[in-house]
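# Working through the structure, step by step
So you can see what is in the structure, the chains are spelled out below.
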Amino acid sequence: MKKVFNVLVVFALLFGFCIPAFSQVNSMSMTSAKIDDFDTEPEDWKWTVNASRFISEDYPKFKYFDGIADALRSFHEGENDPKVFGVKVAFDRKGDNWFEIFPSNDDGPYEIPLKGHVSTLDFWVWGANYLYFLEVMVRDANGVVHVLPAGSLTFNGWKNIIIKIPGWMQQKSKLRSGPKNLTFLGFRVRTDGSEYVDDFVIYFDNIKYMTNPIPIIFDGYEFLDMDFSDAETGGGAGSDANDAETSSADSSEEVN
């Protein structure tokens, strides 16, 4: 009897621990996705900069520069030399000044879609130890723009900044006609009212995000965006009624 009991225990352990390991689907599969590393210019959009009203003449200035943060140097891959994106600004007076760095194309500002369920935004920024404040702008799946604080720029040299996306932020629209993803709009830098504003420089590199792509994939996912442009068109109930009325009127005219 004891031997039979031991055998049953073994089967219970097998079914209790081994089977779920094979049958359960892991709903968490985090991956890193690149927004831009600045080593090559994107084909569909480019970076641009605008600023508030008291920007000095011939500013803001921006361009690509050769270089990379030391912490990223050993991870650099590809044939192109590493580059960063730099911005230089000057304002005519102290106060609530700001400038924005954002992607754009011929149609205006371009919003970069962030696929999957995004948990963090991750980027490197070079600070000049000014009391300026960095913000990141995103648009949720309901079309609402959110400004996420990324801290002050009171440091020298490169710093890795990671921003958590709030769990309450809507990242998937229930409407087929609504936005399908969280989108990245760009950066905003604000000056402190008492800080110097006549000579400021900032650089960006290796913008990416962490995402879980599994929640957006389901059986039949490929049918979300099927092309109906060459599909046949049918008539509605109103069309049938109009055809019946027209046919009845034609018959009356023939009888008369």
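The preceding data block contains the structure.
The present account deals with the structure reproduced in this document. Numbers given to residues run from 1 along each chain, matching the order in which its sequence is written. Under the rules for a predicted model, residues below a pLDDT of 70 receive no local features and side-chain atom pairs below 80 are neither given nor counted, while totals for whole chains, interfaces and linings still include all residues. As a rule here, side-chain values cover all heavy atoms of the structure and leave hydrogens and water aside.

### A word on the overall build of the chain
Only DSSP runs of H or I reaching four residues or more are called helices, and only runs of E reaching two or more are called strands; each is numbered from the N terminus. When its secondary structure is counted, the chain shows three helices and 13 strands. Here the contacts in the chain between residues at least 6 apart in sequence split such that 77% fall between residues at least 24 apart. Note that accessible areas follow from Shrake-Rupley with a 1.4 Å probe, and for residues the cover is restricted to the protein chains shown. Counting only carbon and sulfur atoms, one obtains 53% of the accessible surface of the chain, whose full area is about 16,700 Å². What makes two residues a contact is simply this: any of their non-hydrogen atoms within 4.5 Å.

### Considering the packing of aromatic side chains
Aromatic contacts are taken between Phe, Tyr and Trp rings whose centres are within 6.5 Å, Trp giving its six-membered ring; a plane angle under 30 degrees counts as stacked, one over 60 as edge-to-face, and the others as tilted. Going through the model one piece at a time under the given rule, you end up with 18 aromatic pairs. Ring geometry for F62 against F85: centres 6.0 Å apart, planes inclined by 40°, an arrangement best described as tilted. Pair noted here: F62 is in strand β3 (residues 61-66) and F85 is in strand β4 (residues 83-89), with a separation of 23 residues, a long-range link. Residue exposure (1.4 Å probe, protein chains only): buried if accessible area is under 20% of the type maximum, exposed if over 50%, otherwise partly exposed. Of the residues examined, F85 reaches a relative accessible area of 2% and is grouped as buried. For the ring pair W126 and Y203, a centre distance of 5.2 Å and an interplane angle of 85° mean the geometry is edge-to-face.

### Thoughts on the pattern of salt bridges
We define a salt bridge as a contact between a side-chain nitrogen of Lys or Arg and a carboxyl oxygen of Asp or Glu at a distance within 4 Å. Summed over all chains, the structure comprises nine salt bridges. When the shortest N-O distance is used, the salt bridge between D70 and R73 registers 3.3 Å. A residue pair is termed a helical-turn pair when its members lie 3 or 4 positions apart in one helix, as D70 and R73 do in helix α2 (residues 70-73) at three residues. Accessibility expressed as a relative area gives 64% for D70, which makes it exposed. What makes R73 partly exposed here is its relative accessible area of 48%. Among the salt bridges present, the one from E111 reaches R139, with a minimum N-O distance of 2.8 Å. Here E111, found in the loop between β6 (108-109) and β7 (112-114), pairs with R139, found in strand β9 (residues 132-139); they are 28 residues apart in sequence, far enough to count as distant. It is possible to trace a salt-bridge network through shared partners that takes in D96, E100, E135, R188 and R190.

### Things to note about the environment of W126
Of note, W126 is situated in strand β8 (residues 117-128). Relative accessible area serves as the criterion here: at 27%, W126 is assigned to the partly exposed category.

### What about unusual backbone geometry?
Cis geometry is found at the peptide bond from Y59 to P60, where omega equals 0°. Of note, P60 is situated in the loop between β2 (46-51) and β3. Positive phi is not limited to glycine here, since N129 has a value of about 60°. In this structure, N129 sits in the loop between β8 and β9.

### Observations regarding the nonpolar core
Remark: nonpolar core denotes a set of buried residues (Ala, Val, Leu, Ile, Met, Phe, Trp, Tyr, Cys) joined through side-chain atoms within 4.5 Å. In this structure, F99, I101, F123, L134 and F200 are the most contacted members of the largest nonpolar core, which totals 44 residues. Apart from residues lying up to four places away in sequence, L134 is in contact with F123, V125, L148, P149, A150, G151, L153, I161, F187, R188, V189 and F204.

### Some words on the side chain of D122
Assignment of secondary structure puts D122 in strand β8. In protein, a polar contact means a hydrogen-donor-capable atom and an acceptor-capable atom, both N or O and within 3.5 Å, with residues adjacent in sequence counting only if both atoms are side-chain atoms; elsewhere, any N or O pair within 3.5 Å suffices. Of the polar contacts made by the side chain of D122, one reaches the side chain of N160; its length is 2.8 Å. With residues up to four places along the chain from it excluded, the contact list for D122 reads N160, I161, I162, N206, I207 and K208.

### What to know about the side chain of E195
Here E195 lies in the loop between β12 (182-191) and β13 (200-212). Lys and Arg are tallied as positive, Asp and Glu as negative. Neither His nor the chain termini are counted. No salt bridge is formed by the buried E195, whose closest oppositely charged neighbour, K94, lies at an N-O distance of 6.5 Å. One polar contact links the side chain of E195 to the main-chain amide nitrogen of L131, over a distance of 2.7 Å. In contact with E195, other than residues within four places in its own chain, are K94, Y130, L131 and Y132.

### Some points on the environment of A90
The topology assignment puts A90 in the loop between β4 and β5 (98-105). Residue A90 is classed as buried on the basis of its relative accessible area of 4%. Considering only alpha carbons, one finds A90 and S56, 34 residues apart in sequence, at a separation of 5.5 Å. Excluding its chain neighbours within four sequence positions, the residues that come into contact with A90 are I55, S56, Y59, V197 and D198.

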